[in-house]
Amino acid sequence: MITQFFFLWTKLKERVNEMKNLFNVLAISQLEGGTYTVDTVLKVIKQITDWALAVGISLAGVALVVSFIMYAVVDVDQKPRVKTRILQTLLGIFGIILAISLVNIIIRLFT
């Protein structure tokens, strides 16, 4: 078990060193062919993802309310099917919000 931990630790250190090399990519100060800089492009992407997060969280709340209403008015024999549909919808919304949050975290690393 200790050898597996050591192996995983060395692999993690290798990945971190590879990530350090990725930061050199953003040493560009200005993009060719225009007045846009990397910082302005990252700022625009961050604003779009912040807006998408706000919309996604509010849609998740609306979906939750609609799901409870659907579950309350459905027949007894259809409740398991509706319950699985509700769970799938909520997990899908959660996954989208999580992906957008990950994009925000990555952008914050570079700015």
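Structure: see above.
Predicted model only: the values in this text are computed from it and were never measured. (Residues numbered from 1 in each chain as written. Predicted model: local features only at pLDDT ≥ 70, side-chain atom pairs only at ≥ 80, totals over all residues. Heavy atoms only, no water.)

Now for the overall build of the protein. Counting its regular elements, the protein contains three helices and zero strands. Taken across its 111 residues, the protein has 14% of its residues classed as buried. Within the protein, residue pairs in contact and separated by at least 24 positions form 63% of the contacts whose partners lie at least 6 positions apart. Total accessible area computed for the protein in this model is approximately 9100 Å², and 72% of it derives from carbon and sulfur atoms. (Helix = DSSP H or I, 4+ residues; strand = E, 2+ residues; numbered from the N terminus. Buried < 20%, exposed > 50% of the residue type's maximum accessible area, 1.4 Å probe, protein only. Contact = heavy atoms within 4.5 Å. Areas by Shrake-Rupley, 256 points an atom, 1.4 Å probe, with all protein chains shown as cover.)

In contact at an axis separation of 9 Å, helix α2 (residues 38–73) and helix α3 (residues 79–110) are set at 165° when each is read in the N-to-C sense. Regarding the angle of α2 to α3, the classification is roughly antiparallel. For α2 against α3, the interelement crossing comes out left-handed. (Axes fitted to C-alpha atoms, helices over the stretch in contact; angles between N-to-C directions. Parallel < 35°, antiparallel > 145°, perpendicular 65-115°, else oblique. Left-handed = near helix turned anticlockwise from the far one by under 90°.)

Turning to the pattern of salt bridges, a few remarks are in order. Scanning the entire structure with this criterion turns up one salt bridge. One salt bridge in this structure joins D50 and K46, with 3.0 Å as the shortest N-O distance. Of this pair, D50 and K46 both sit in helix α2, separated by four residues, roughly a single helical turn. (Salt bridge = Lys/Arg side-chain N within 4 Å of Asp/Glu carboxyl O.)

Here the focus is the nonpolar core. By size, the foremost hydrophobic cluster in this structure holds six residues: L53, A60, A63, I93, I97 and I100. Going through the elements one at a time, α2 and α3 are the ones with two or more residues in this core. Among all residues touching I93, those that are not within four sequence positions of it are G56, L59, A60 and A63. (Core = buried A, V, L, I, M, F, W, Y, C linked by side-chain atoms within 4.5 Å.)

Attention shifts here to the packing of aromatic side chains. Taken as a whole, this structure holds zero aromatic pairs when the rule is applied. The aromatic ring of Y71 is capped on one face by K79, whose charged end is 4.4 Å from the ring centroid. (Phe/Tyr/Trp six-rings, centres within 6.5 Å; stacked < 30°, edge-to-face > 60°. Lys NZ or Arg CZ within 6 Å of the ring centre and 35° of its normal.)

Because each turn of an α-helix spans 3.6 residues, side chains separated by three or four positions end up pointing in the same direction. Taking 1.5 Å per residue, 36 residues should reach 52 Å; α2 reaches 52 Å between its end C-alpha atoms and fits that length. Of all the positions in α2, only V38, L42, T49, L53, G56, A60, A63 and S67 are classed as buried. (Expected span 1.5 Å × (residues − 1).)

Moving on, we get to a nonpolar patch on the surface. Together, Y36, V41, I45 and V103 give the surface a local cluster of nonpolar side chains, amounting to about 340 Å² of exposed area. Mapped onto the fold, I45 is located in helix α2. (Patch = residues over 30% accessible without salt bridge, like charges linked within 9 Å, V, L, I, M, F, W, Y side chains within 5 Å.)

Relative to the helices and strands, T49 is located in helix α2. With 48 residues separating them along the chain, T49 and I97 place their C-alpha atoms 9.6 Å apart. Look past the residues within four positions of T49 in its chain and what remains in contact with it is I100, V103 and N104.

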